[in-house]
Amino acid sequence: MRDAHPGPRPGRLLPTGPAGPVPGDAPAGPVPGRIPAGPAPGGVPAGPAPGGAPAPAPHDGTATSRPSPEAGTAPRYPVPPRPTSGGIHANAAPGDAPAGAALGGVPAGPGPGGDPVAGRSAGERHRALFGTGPAPGDRLRLFCFPYAGGNAAAYRGLRAAAPTGLGVYPVELPGRGRRIREVPHTAMASLVASLADDLQGALDRPYALLGHSLGGLIAYELAVELRERGAPPPAHLFLSAIAAPQWPRTGRPLHRAGEAEVRAALLAMGGTPPELLANEEIMALALPVLRADHSVLETYRYRPRPPLPLPVTVFGGSADEVAPPEVLGGWREHSDRPVAIRLFPGGHFFLTTAPAEVMRGIAHGLGLLRPAR
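Procedures and definitions
- Residues numbered from 1 in each chain as written.
- Predicted model: local features only at pLDDT ≥ 70, side-chain atom pairs only at ≥ 80, totals over all residues.
- Heavy atoms only, no water.
- 1 Å grid on protein atoms, 1.4 Å probe; cavity = no way out; pocket = protein on both sides within 12 Å on 5 of 7 lines; lining within 4 Å.
- Points joined across faces, edges and corners; volume = space filled by probe spheres on them.
- Helix = DSSP H or I, 4+ residues; strand = E, 2+ residues; numbered from the N terminus.
- Nonpolar A, V, L, I, M, F, W, Y, C, P; charged D, E, K, R; others polar.
- Core = buried A, V, L, I, M, F, W, Y, C linked by side-chain atoms within 4.5 Å.
- Buried < 20%, exposed > 50% of the residue type's maximum accessible area, 1.4 Å probe, protein only.
- Contact = heavy atoms within 4.5 Å.
- Pairing = 2+ DSSP bridges.
- Right-handed = clockwise from strand over helix to strand, strands pointing away.
- Salt bridge = Lys/Arg side-chain N within 4 Å of Asp/Glu carboxyl O.

1. Here we look at the layout of surface pockets
Here the largest pocket is characterised by a volume of approximately 200 Å³. Looking at the largest pocket, it is lined by 12 residues, and the ones nearest its centre are Met 188, Ala 189, Glu 221, Arg 303 and Arg 305. Of all the elements in the fold, those that place two or more residues in the lining of the largest pocket are helix H3 (188–198) and helix H4 (214–229). If one sorts the elements of the lining of the largest pocket by residue count, H4 sits on top with four residues. Per-class residue counts for the lining of the largest pocket are six nonpolar, no polar and six charged.

2. Section: the nonpolar core
Membership of the largest hydrophobic core comes to 44 residues, with the highest contact counts inside it found for Phe 143, Phe 145, Leu 195, Leu 209, Leu 222 and Leu 237. Broken down by secondary-structure element, the contributors of at least two residues to this core are helix H1 (122–130), strand S1 (140–145), H3, strand S3 (207–212), H4, strand S4 (236–240), helix H7 (280–298) and strand S5 (312–317). For Phe 143, the residues in contact, after removing those within four places along its chain, are Phe 130, Tyr 169, Val 171, Leu 199, Ala 202, Leu 203, Tyr 207, Ala 208, Leu 209 and Leu 210. Grouped together as the second largest cluster of nonpolar side chains are 22 residues, Tyr 147, Tyr 155, Phe 238 and Leu 351 included.

3. Section: the pairing of S4
For S4, the tally of buried residues reaches five of five residues, placing the bulk of the element in the interior. Burial along S4 is two-sided: His 236, Phe 238 and Ser 240 and Leu 237 and Leu 239, pointing in opposite directions, are all buried. One ladder, built from five bridges, connects S3 with S4; its direction is parallel. Paired with His 212 across the strands is Ser 240, a residue of S4. Note that the unit made of S3, H4 and S4 has a crossover that is right-handed. As defined by bridge partners, S4 adjoins S5 across four bridges and the pair is classed as parallel. Following the sheet pairing, Phe 238 is matched in S5 by Thr 313.

4. Concerning the pattern of salt bridges
A full pass over the atoms with the stated rule returns 13 salt bridges. For Arg 263, the salt bridge goes to Glu 259, with nearest N and O atoms at 2.2 Å. You can see Arg 263 and its partner Glu 259 sitting in helix H5 (residues 259–269), four residues apart, about one turn around the helix. The exposure class of Glu 259 is partly exposed, given its relative accessible area of 28%.

Have a look at this one:
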């Protein structure tokens, strides 16, 4: 699958002057329900990072929105679809880097993928992905992929709840956080290929993959890509708040939609407070990355392949209207092992509201919980 335009490749640093990449983890947005008049501390600032330019706008693709239920189009599926996903939602601390880019339409996309960080060492790749290199003392590693519009900070609560010996590594995708000056991907094929390249050298310990919403689809396709490359397989695949890839999807394209429709879709998903949606400066920075991520989701075309030879656990929110519990069972077709489905109280963003409970489910799937005496 290819992007449309011979522009800069996704993941490539754009020339922005003397400043380097913004350091530190990045929030997925301000903390829900706590939106100040200006940008929230640790949230998305009103302008570019000091010493540099605003993040590059993402590139072309196709995405769908979930219109607001108030508009008469509540998310009910005659056939369970692969839902859209996204939101500007946070679990961030002050001082984190911005997660978005400049507002506007999405220009034509880049040319074919390839290695977006050619010439970087494995250590440099790992620092771009994780902010640090994997710890050599890890007994097991968990690589985490964000929802649409999200970033590595969305997994801070999960990392804090991890048991000893499990290294939790939230992956920062291009176009946000410390990679804000890189071009975001707009196609699944190039994104997954670059992730498989960049993870080389980090798979020297047993590992698992976790993805929430769009991140779940990324995690699944990455597991398939690693199998095709003959790389060590994950010990477990955790898929959160995402329907199986074979389900059809519905809805209007989001990345080409008007700004009002985008905001209505975000409001309906429940991950973005209305106060944030009304903040023009924050939305100006956040929307283009969200549009690019939806392009990854909606230009994706499922190709039937043999089931993965590894255990799979699917997490869902009991009140999730984006990926309701009834659409999660389709993942049973994608593993030749038993597939467990575990539901948590809450809507689409239960991952950030109940991180300790989700981590317990992960630890259970990995066999890290001690049996009760």
